[in-house]
Amino acid sequence: MKIAIIGYGKMGHMIEQIAKDRGHEISVIIDADNLADIESKAFRKSDVAIEFSQPDTAVNNLLRCFSAGVPVVCGTTGWLDSLDAVKSVCESGKGAMLYSSNFSIGVNIFEAVSRYLAGIMNSYPQYTPSMEEVHHIHKLDHPSGTAITIAEELIATSNKVDNWKEPDENPENPENPENTDNSKTLIISHRREGEVPGIHTVTWDSPQDTITISHSAKSREGFALGAVLAAEWLAEKCKKFSVGPLKIGSGQTGFFTMKDMLKF
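Note that the structure is a prediction, hence the values are computed from the model and not measured.

Asker: Would you mind going over the overall build of the protein with me for this structure?
Answerer: What the protein contains, in helices and strands, is eight helices and eleven strands. Taken over 264 residues, the protein has a buried fraction of 47%. Across the protein, contacts joining residues at least 24 apart in sequence account for 67% of those joining residues at least 6 apart. Here the protein displays about 13,000 Å² of accessible surface, and carbon together with sulfur accounts for 50% of that area.

Listed below in structure tokens is the structure:
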């Protein structure tokens, strides 16, 4: 395939290497200093784009991919207030996109286990859930997009919680920062330490015991590999249809997630 890369930070470099190792060609690399190249002929001839940029540029990048007729895999987080608008463009047949807050196969397995455990816990009222995520000091948004995804799926599955929030910062009572006004609020705490690629932990606590499940990334390589696998899947998906500039068939939504790809 010809793959365009949008965002050339650490993830962009790793995606480039993995894509080449898997036999793909990098058609163009777009970064902050050459955003106009999204309009280039080389970009338009790409089979798929992989977008890992910044929250303030992601939406515009996606819309420009759609205009260029290039399906796009997006892993940028922190812009989800605009997700419904972007999905609407895809579902109208004017764009094709696979979005995930985390492309790691292991994280997606972890999310599936978390959903399953949340369903079991509906029968055991003594357990209450909480979450924590840890990332490197360069990560700007919090909680992480992965943590939000896990939380929203937990809320959809569990009868224990109906919303989430981060701990209140209460200097008058620093030893008990959580908001206990609503017992159905899932607390998501975060820490930023060193160069930690990412740790996500879901805890179910009861007066008798504690059950903890956790995923710890060893490097960014798993995220990059998953993004390239998603790009391969999305490009093949689009080739199967013959209607519209993105070859999306009638009745075929243009918005996908890792659930569509992995089918756990």
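Still more ground to cover, so stick around.
Asker: Can you help me understand the packing of helix α1 (residues 10-21) against helix α7 (residues 221-239) in this one?
Answerer: What describes two packed helices is the angle between their axes and the distance between those same axes. Running from N to C, α1 and α7 cross one another at 60 degrees; their axes reach a closest spacing of 9 Å. It follows that α1 is oblique to α7 by the angle criterion. The chirality of how α1 crosses α7 is right-handed. Facing Met11, Met14, Ile15, Ile18 and Ala19 of α1, the residues of α7 in contact are Glu221, Phe223, Ala224, Leu225, Ala227 and Val228.

Asker: What should I look at first to understand unusual backbone geometry in this one?
Answerer: Glycine aside, negative phi is the norm for most residues, and most peptide bonds take the trans geometry. The omega torsion of the bond from His142 to Pro143 falls at -10 degrees, within 30 degrees of zero and hence cis. Tracing the chain through its elements places Pro143 in the loop between β6 (128-135) and α6 (145-157).

Asker: Looking at this structure, how should I read the pattern of salt bridges?
Answerer: Pairing is possible between side chains of opposite charge, provided their charged atoms come close. In total, this model carries twelve salt bridges according to the counting rule given. A salt bridge links Lys259 to Glu153; the shortest N-O distance between them is 3.0 Å. With a gap of 106 residues between them, Lys259 in helix α8 (residues 258-262) and Glu153 in helix α6 connect regions that are remote in the sequence. Here Lys259 falls in the partly exposed class, since its relative accessible area comes to 47%. Between Lys165 and Asp168 there is a salt bridge, and its shortest N-O distance comes to 2.6 Å. A relative accessible area of 31% means that Asp168 is categorised as partly exposed. One network of salt bridges, with partners in common, ties together Glu39, Arg44 and Arg64.

Asker: Looking at this structure, how should I read the nonpolar core?
Answerer: Nonpolar side chains in soluble globular proteins generally cluster together in the buried interior. One finds Ile15, Ile50, Val73, Leu98 and Phe103 to be the most contacted residues of the largest nonpolar core, which totals 27 residues. Elements with a contribution of two residues or more to this core: β1 (2-6), α1, β3 (48-51), α7 and α8. It is α7 that contributes the most residues to this core, nine residues altogether. Leaving out residues up to four positions away in the same chain, Val73 has contacts with Val48, Ala49, Ile50, Glu51, Leu98, Phe103, Ala227, Ala230, Ala231 and Leu234. If you look at the next biggest cluster of nonpolar residues, it comprises 22 residues, including Ile38, Val70, Leu83 and Phe255.

Asker: Sorry if this is basic, but what is going on with the sheet that holds strand β4 (residues 72-74) here?
Answerer: Two orientations exist for strands paired in a sheet by backbone hydrogen bonds: parallel and antiparallel. Judged by pairing direction, the sheet is parallel, and its six strands sit side by side in the order β2-β1-β3-β4-β5-β11 without closing on themselves. Where the open sheet ends on each side, the last strands, each with one partner, are β2 (25-30) and β11 (255-256). Relative to β3, β1 runs parallel, the two being bridged by four bridges. Of the residues in β3, the one forming a bridge with Ala4 is Ala49.

Asker: Looking at this structure, I do not really get the sheet that holds strand β9 (residues 199-205). What am I missing?
Answerer: Taken together, the five strands give an open sheet; going across it, the order is β7-β8-β6-β9-β10, and neighbouring strands pair in mixed fashion. Strands at the two margins of the open sheet, each flanked by one partner only, are β7 (163-165) and β10 (210-216). For this sheet, the mean inter-axis angle between neighbouring strands, taken without regard to orientation, is 20 degrees. When β9 meets β10, the two strands line up antiparallel, connected through seven bridges. Pairing of Trp204 across the sheet is with Ile211, part of β10. Packing against the sheet, helix α5 (residues 105-121) makes contact with β9 and β10, and its axis sits at approximately 165 degrees to β10. Against the sheet, α6 contacts β6, β7, β8 (185-192) and β9, and its axis sits at roughly 30 degrees relative to β9.

The rules behind the values
Along each chain, numbering runs from 1 in the same order as the chain's sequence is written. Reporting in this predicted model follows two pLDDT cut-offs: at least 70 for local features of residues, and 80 or more for side-chain atom pairs to be given and counted; totals over whole chains, interfaces and linings ignore these cut-offs and use all residues. Derived side-chain values reflect all non-hydrogen atoms in the structure, with water molecules and hydrogen atoms excluded from consideration. Numbered from the N terminus, helices here are DSSP runs of H or I no shorter than four residues, and strands are runs of E no shorter than two. Buried, partly exposed and exposed residues are distinguished by accessible area as a fraction of the type maximum, computed with a 1.4 Å probe on protein chains only: under 20%, between the cut-offs, and over 50%, respectively. Contacts between residues were defined by any pair of non-hydrogen atoms, one from each residue, lying within 4.5 Å. All accessible-area figures derive from a Shrake-Rupley calculation using a 1.4 Å probe, and residue coverage is judged against the displayed protein chains alone. Fitted lines through C-alpha atoms give the axes, limited to the stretch in contact for helices. The angle between two N-to-C directions lies from 0 to 180 degrees. Put simply, angles under 35 degrees are roughly parallel, angles over 145 are roughly antiparallel, angles from 65 to 115 are roughly perpendicular, and the rest are oblique. Should the near helix be turned anticlockwise from the far one by less than a right angle, the crossing is left-handed, and should it be turned clockwise, the crossing is right-handed. What counts as a salt bridge is simple: a side-chain nitrogen of Lys or Arg found within 4 Å of a carboxyl oxygen of Asp or Glu. Think of a nonpolar core as a cluster: buried Ala, Val, Leu, Ile, Met, Phe, Trp, Tyr and Cys residues, connected wherever their side-chain atoms sit within 4.5 Å. A pair of strands is considered paired only if DSSP assigns at least 2 bridges between the two.

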